[in-house]
Amino acid sequence: MLVLLRAVLALTLLVAPAQASERIALIIGNGAYEHVPALDNPGADAQLMARTLGALGFEVTLKIDGTQREMKRAIAEFGRRLRSAGPDAVSLFYYAGHGVQAQGANYLVPTDAMVADEADLYLVGVEADWVLRQMASARIRTSIVILDACRDNPFAEQGLQAQGLARMNAPTGSFVAYSTSPGAVALDGVGANSPFTSALAHELTVPNRPIEEVFRAVRAQVVAQTSGMQTPWDSSSLIDAFYFAKTPEPSGPTAAETQLWTSVRDSGDLVELALFLRAYPDSVYAAEARRMIVERSSAASDPPVAAATPQPQAPPAREPDPPAPPPTAETAQDLSDEEAMFAAAVAADVAAAFQAYLDVYPEGRFVAQAQDRIALLADPAQPDTAASPSESPPAGIPADPAEPVDIAQLTVTFETPLPLATRALRGRSLREIVASTPVYPPIEGLNPALWQDQPCSACHQWTADALCTQGQFYLAEPEARIAGKKHPFGEEFLTTLARWAETGCN
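Residues numbered from 1 in each chain as written. Predicted model: local features only at pLDDT ≥ 70, side-chain atom pairs only at ≥ 80, totals over all residues. Heavy atoms only, no water.

Engineer: How would you explain the overall build of the protein if you had to name every residue and give the values?
Structural biologist: In terms of helices and strands, the protein carries 17 helices and nine strands. When each of the 506 residues of the protein is scored for burial, the buried share is 47%. For the protein, the share of sequence-separated contacts (at least 6 apart) that also reach a separation of at least 24 residues comes to 71%. If you sum the accessible surface of the protein, you get close to 23,700 Å²; carbon and sulfur atoms cover 52% of it. (Helix = DSSP H or I, 4+ residues; strand = E, 2+ residues; numbered from the N terminus. Buried < 20%, exposed > 50% of the residue type's maximum accessible area, 1.4 Å probe, protein only. Contact = heavy atoms within 4.5 Å. Areas by Shrake-Rupley, 256 points an atom, 1.4 Å probe, with all protein chains shown as cover.)

Listed below in structure tokens is the structure:
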């Protein structure tokens, strides 16, 4: 499974489309209170939001269990960063924890807050309007405030009678969202996350939804999950349209793009599909390519069906295909919400994005793939140290053989250097070759910038067992199966694999 995910992700370096403007977020989650009842979920909620927003291109600052001093320092630094970012940036503040209203003002409750009287809140709390003023001072066109607070009233015994938060009107260019309606109490939830934040993390990743539709979907989901006990609420005075996840409109395909897609579509190879997306991320064929990747990822996670293994046959020669037409509605069908979130994680290729997928879909279709990719990102492979084509071969390997190497006479093992004729391969073992840079393009006509100087250790399932299977295939009728075959390391590599299989794949 790890090899499969490497094939789709590690080499191809699929990345999300660059945001047009800087996105800056401050996230605070307070649950470990010292003087009022603790809350179970705010820390986990803040971490989930940090992962989700990070995968969506936000530069995130995360603070868990902040004292008043720590919260104010983080908010002040947030304001300074926004002012230096300029008016085209997007600012987002998210808070989970205790929140109360007193005398018409809303206060976020730090973990060290000690209140003997309602009047103390002004001294020990963090006024929500102070956050808005910091954001407004940057004169940013798009500011977003999300408050998953007011889970209960921790100061009822101190005479604070008001429930929930008071209504705040969104200043021009801002969007303010609450986990529940003004004056009402939100639920902490029975799972790892609150109903509001769990729904929000999911809906944020759905592409091409304006922010207003995102929070409308969150509202519907929370109302359903809480049987009408909690209704999220928001206030907007945004001027510009804003999308958390935006897919660029595809442009018309070029002749080279269509020709490449024809080849990739027919092969169905995961690596070729990923390389195509890397070359043309905004292609009209991109939706179909992603759908094929999802299908093959799902198929790879299914248990194999026991059956007799047929002898591989050489594909029949055929005329080149005509240019592929743009995909129809049937072939470029929309992905489900889960598939879209997994595709977004694939595009971002960061651990936070895959973890966000796991948080929302703990029993989803791509759990194994996401877990494997997180493990790989946490412990990345060592950089390729194989010699470049310009370096000299090891001692004992002739720099320029006077005569072509007779591979049929070689004793080939997986670990020993080989005196091959191709200079880029000479002096390397099979293990070193498959981890080095391709000699020829993985797909004919592929832009050299997309494969030259890129390590090929994750190009295909090039484990020793998989290579031995390839060698056995080429061992049978080698002339028919090897001659003219295009391969990243050329025909000589395939002939060597066949020789290795002939001598037992040692």
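Engineer: Please give an account of the sheet that holds strand β6 (residues 126–127) that cites residues and values.
Structural biologist: Sheet architecture is open: three strands sit in the order β4-β5-β6, paired in antiparallel fashion. Bordering the open sheet on either side are β4 (99–102) and β6, each of which pairs with just one other strand. In the sheet, β4 pairs with strand β5 (residues 105–108) via four bridges, with the strands oriented antiparallel. Paired with Q101 across the strands is N106, a residue of β5. (Pairing = 2+ DSSP bridges.)

Engineer: Which residues make up the pattern of salt bridges, and what values do they have?
Structural biologist: Taken as a whole and assessed by the stated rule, the structure comprises 10 salt bridges. Here R209 and E203 are joined by a salt bridge, their closest N and O atoms 2.3 Å apart. One salt bridge connects E339 with R365, and the closest N-O pair in it is separated by 2.5 Å. Pair noted here: E339 is in helix α11 (residues 337–348) and R365 is in the loop between α12 (351–360) and α13 (367–378), with a separation of 26 residues, a long-range link. Residue classification places R365 among the partly exposed residues on the basis of a relative accessible area of 38%. (Salt bridge = Lys/Arg side-chain N within 4 Å of Asp/Glu carboxyl O.)

Engineer: Which residues make up the sheet that holds strand β8 (residues 174–178), and what values go with them?
Structural biologist: If you walk across this open sheet you meet the six strands as β2-β1-β3-β7-β8-β9, and the pairing is mixed. Edge positions in the open sheet fall to β2 (59–64) and β9 (233–236), since each of these has one partner strand only. Mean inter-strand twist for the sheet, computed between neighbouring axes without regard to direction, equals 10 degrees. Examined bridge by bridge, strand β1 (residues 23–29) and β2 share six bridges and lie parallel to one another. Counted as the bridge partner of I27 is L62 from β2. Packed on one face of the sheet, helix α3 (residues 68–85) meets β1, β2 and β3 (90–96) and runs near 175 degrees to β1. (Axes fitted to C-alpha atoms, helices over the stretch in contact; angles between N-to-C directions.)

Engineer: Describe the packing of helix α2 (residues 42–55) against α12, naming the residues involved and giving the relevant values.
Structural biologist: Where α2 contacts α12, the axes come no closer than 8 Å and their chain directions differ by 125 degrees. Relative to α12, α2 is oriented oblique. For the pair α2 and α12, the crossing hand works out as left-handed. Where α2 abuts α12, its residues L48, R51, T52 and A55 lie against A352, A353, Q355, A356 and D359. Among the residues forming the contact of α2 with α12, the class breakdown is five nonpolar, two polar and two charged. (Parallel < 35°, antiparallel > 145°, perpendicular 65-115°, else oblique. Left-handed = near helix turned anticlockwise from the far one by under 90°. Nonpolar A, V, L, I, M, F, W, Y, C, P; charged D, E, K, R; others polar.)

Engineer: I'd like a description of the environment of S137, backed by residues and values.
Structural biologist: Position of S137 relative to the elements: it lies in the loop between α5 (128–136) and β7 (142–148). Exposure remark for S137: the relative accessible area of 35% places this residue in the partly exposed category. Through-space distance from the C-alpha of S137 to that of G79 is 7.4 Å; in sequence the pair is 58 residues apart. Engagement of the side chain of S137 in a polar contact is seen with the backbone oxygen of Q134, the distance being 2.6 Å. (Polar contact = N/O pair within 3.5 Å; in protein donor to acceptor, adjacent residues only side chain to side chain.)

Engineer: So, the nonpolar core: which residues are in play, and what are the values?
Structural biologist: Among the nonpolar cores identified, the biggest contains 39 residues, and F93, Y95, L108 and L147 are the most heavily contacted of them. Counting residues per element, this core draws most heavily on α3, at five residues. In this structure, A25, F58, L200 and I211 belong to the second largest nonpolar core, which totals 29 residues. (Core = buried A, V, L, I, M, F, W, Y, C linked by side-chain atoms within 4.5 Å.)

Engineer: Tell me about the confidence of the model for the protein, and name the residues and values.
Structural biologist: Detail in the predicted coordinates should be disregarded across regions flagged by low pLDDT. Looking at the protein as a whole, its pLDDT mean stands at 75, while 68% of the residues score no less than 70. Helix α1 (residues 2–10) is the least confidently modelled element of the protein, averaging 37 in pLDDT, while β1 averages 97, the highest of any element. Confidence over residues 304–321 falls short of pLDDT 50; this stretch has nine contacts with residues more than four positions distant or in other chains. Considering only residues more than four positions removed or in separate chains, one finds that residues 326–333, a stretch of pLDDT under 50, has 11 contacts. (pLDDT = per-residue confidence, 0-100.)

Engineer: Tell me about helix α6 (residues 195–204), and please be specific about residues and values.
Structural biologist: Most of α6 is tucked away, with nine of its 10 residues classed as buried. Buried within α6 we find P195, F196, T197, A199, L200, A201, H202, E203 and L204.

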